[in-house]
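Examination of the molecular architecture
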Amino acid sequence: MGVLSDGTPFLTLRGLARLCGVDHSSLLRMANNWPDEQAKPRGRKIVQLLQSQKYSGANLYVRTSGTFGETHAYPDAVCMAVLEYYAFEAQQAESSVALQNFRLLARQSLRQFVYEKCGYNPAAADAASWENFQARLLLNDSMPKGYFSVFSEAASLILQMIRADLVLDSHSVPDGSIGIAWAKHWKANEHDEEYGQRTKYPHVFPEWYPQSNADIEAWIYPNAALGVFKDWLDNEYIPHKLPNYLGRKVSEGVFPENGVAPMLAAVTRPLLAAKSARLGR
């Protein structure tokens, strides 16, 4: 068992098999062929149970990397849905194991059970994201006169993502993705000629980040282009490029798949006309 970086508790395949009292190979076949399994009686019932758990992921597991290499992590919602199936729906002699464990976890949630076994404190994890955010802001608060940095101008976006449960650490640096995309846009549109020359400036990471050991310089841009950057961020990066960044982090096991939609919703700005209509103006 373990806890993903966003606080989602999980079991490995063998852990889930032991919980349900079944051979792990049966669960492995189901998970690896999940698109086809959903059309079968077992899969259809588990889909219903997943929906009751508010799980909307396309797969039953998340790939994540740990001390012993890549692991297939089955989130707590998936574990409870599969456990409920084997406790009440499956026709098997071992269903008594699943039923006993389901009753145990009905009294103590799987989430709390894994947290206690792993010594995980969700409040501390949330506090760490805010500490990382504040430290990075303070370390990179001094820009040369007349210039802006991508990190400082993307701070409100990052703040909203943290509020939507982004775990901000050395593995999730969304401003890096923004900076790369904006630099390509700047060069492709020859903005140096229109707004003035961009230049490199040191970007500092907290001492507990591995990146702090490197001398990193990031592009900073003339203030004359600040409005253009903000428009690009709202109209190009967030709707068209941020989903790709979050998708890569899901594949790397940094974010859970069902955490992407809340983050996108948190950073999508409302239209002024829609806001005015709500206010009756």
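Look up a bit, the structure's there.
By convention here, each chain's residues receive numbers from 1 onward along its written sequence. For a predicted model such as this one, the threshold for reporting local features is a pLDDT of at least 70, and the threshold for listing and counting side-chain atom pairs is 80 or more; totals across whole chains, interfaces and linings nevertheless cover every residue. The side-chain figures draw on all heavy atoms in the structure; neither hydrogens nor water molecules are used.

Here we look at the overall build of the protein chain
Scanning the protein chain from N- to C-terminus turns up 15 helices and seven strands. In what follows, a contact means two residues having at least one pair of non-hydrogen atoms within 4.5 Å. Summarising the internal contacts of the protein chain: among those between residues at least 6 apart in sequence, 64% fall at separations of at least 24. Residue exposure ignores everything except the shown protein chains as possible cover, and the areas themselves are Shrake-Rupley values with a 1.4 Å probe. Per element, the accessible surface of the protein chain, about 15500 Å² overall, is 50% carbon and sulfur. Helix and strand definitions here come from DSSP, where helices need a minimum of 4 consecutive H or I residues and strands a minimum of 2 consecutive E residues; each element is numbered from the N-terminal end.

Description of the pattern of salt bridges
We define a salt bridge as a side-chain nitrogen of Lys or Arg found within 4 Å of a carboxyl oxygen belonging to Asp or Glu. Taken as a whole and judged by the stated rule, the model has four salt bridges. When the shortest N-O distance is used, the salt bridge between Glu37 and Lys40 registers 3.6 Å. The salt bridge involving Glu153 is made with Lys230; its shortest N-O contact spans 3.2 Å. With Glu153 in helix α9 (residues 150–153) and Lys230 in helix α13 (residues 226–251), this pair connects stretches of sequence that are 77 residues apart. Exposure classes here rest on a 1.4 Å probe applied to the protein chains alone. A residue is buried below 20% of its type maximum, exposed above 50%, and partly exposed in between. The exposure class of Glu153 is partly exposed, given its relative accessible area of 22%. The network of salt bridges with shared partners includes Glu37, Lys40 and Arg42.

Some remarks on the sheet that holds strand β5 (residues 147–149)
Pairing in this open sheet of three strands is antiparallel, and the strands run β5-β7-β6 from one edge to the other. Strand pairing shows two members of the sheet lacking a second neighbour, β5 and β6 (199–202), which therefore form its edges. Ignoring which end each strand starts from, the neighbouring axes of this sheet average 50 degrees apart. Pairing between strands requires that DSSP locate at least two bridges from one strand to the other. Sheet topology note: the β6/strand β7 (residues 217–222) ladder contains four bridges and is antiparallel. For Tyr201, the partnering residue across the bridge sits in β7 and is Ala218. Axis definition: a line fitted to C-alpha atoms, over the contacting stretch in the case of helices. Angles run 0 to 180 degrees between N-to-C directions.

Comments concerning helix α14 (residues 260–267)
Within the sequence span of α14, burial applies to Val260, Met263 and Val267. Seen along its axis, α14 keeps its buried residues to an arc of 70 degrees; they face one direction. α14 presents Ala261 and Ala265 as exposed residues on the side facing more than 90 degrees away from its buried surface. Considering only its buried residues, α14 is in contact with α10 (155–163) and α13. Note: the arc covers the axis-to-C-beta directions of the helix.

Section: the packing of aromatic side chains
Working definition: a ring pair exists when centres of Phe, Tyr or Trp rings (six-membered ring for Trp) sit within 6.5 Å. Plane angles under 30 degrees give stacked, over 60 give edge-to-face, the rest tilted. This structure, assessed with the given rule, holds 14 aromatic pairs. Seen in terms of ring centroids, Phe148 and Phe229 are 5.5 Å apart; in terms of plane orientation they differ by 45 degrees. Their pairing is tilted. Within this pair, whereas Phe148 is found in strand β5, its partner Phe229 is found in helix α13, the two being separated by 81 residues in sequence. This pair shows no difference in class: Phe148 is buried, exactly as Phe229 is.

What about the pairing of β7?
Direction of pairing for β5 relative to β7: antiparallel, over a ladder of three bridges. Counterpart to Ser149 in the pairing with β7 is Ile220.

Side note on the packing of helix α1 (residues 13–20) against helix α2 (residues 24–32)
At a minimum axis distance of 9 Å, the contact between α1 and α2 shows a crossing angle of 120 degrees. The orientation of α1 with respect to α2, classified from their angle, is oblique. Handedness of the crossing formed by α1 with α2: right-handed. Where α1 approaches α2, its residues Leu13, Arg14, Leu16 and Ala17 are matched on the opposing element by His24, Leu27 and Leu28. An angle counts as roughly parallel when it lies under 35 degrees, as roughly antiparallel when it exceeds 145, as roughly perpendicular when it falls between 65 and 115, and as oblique in every other case. The hand of a helix crossing depends on one turn: near helix anticlockwise from the far one by less than a right angle means left-handed, and clockwise means right-handed.

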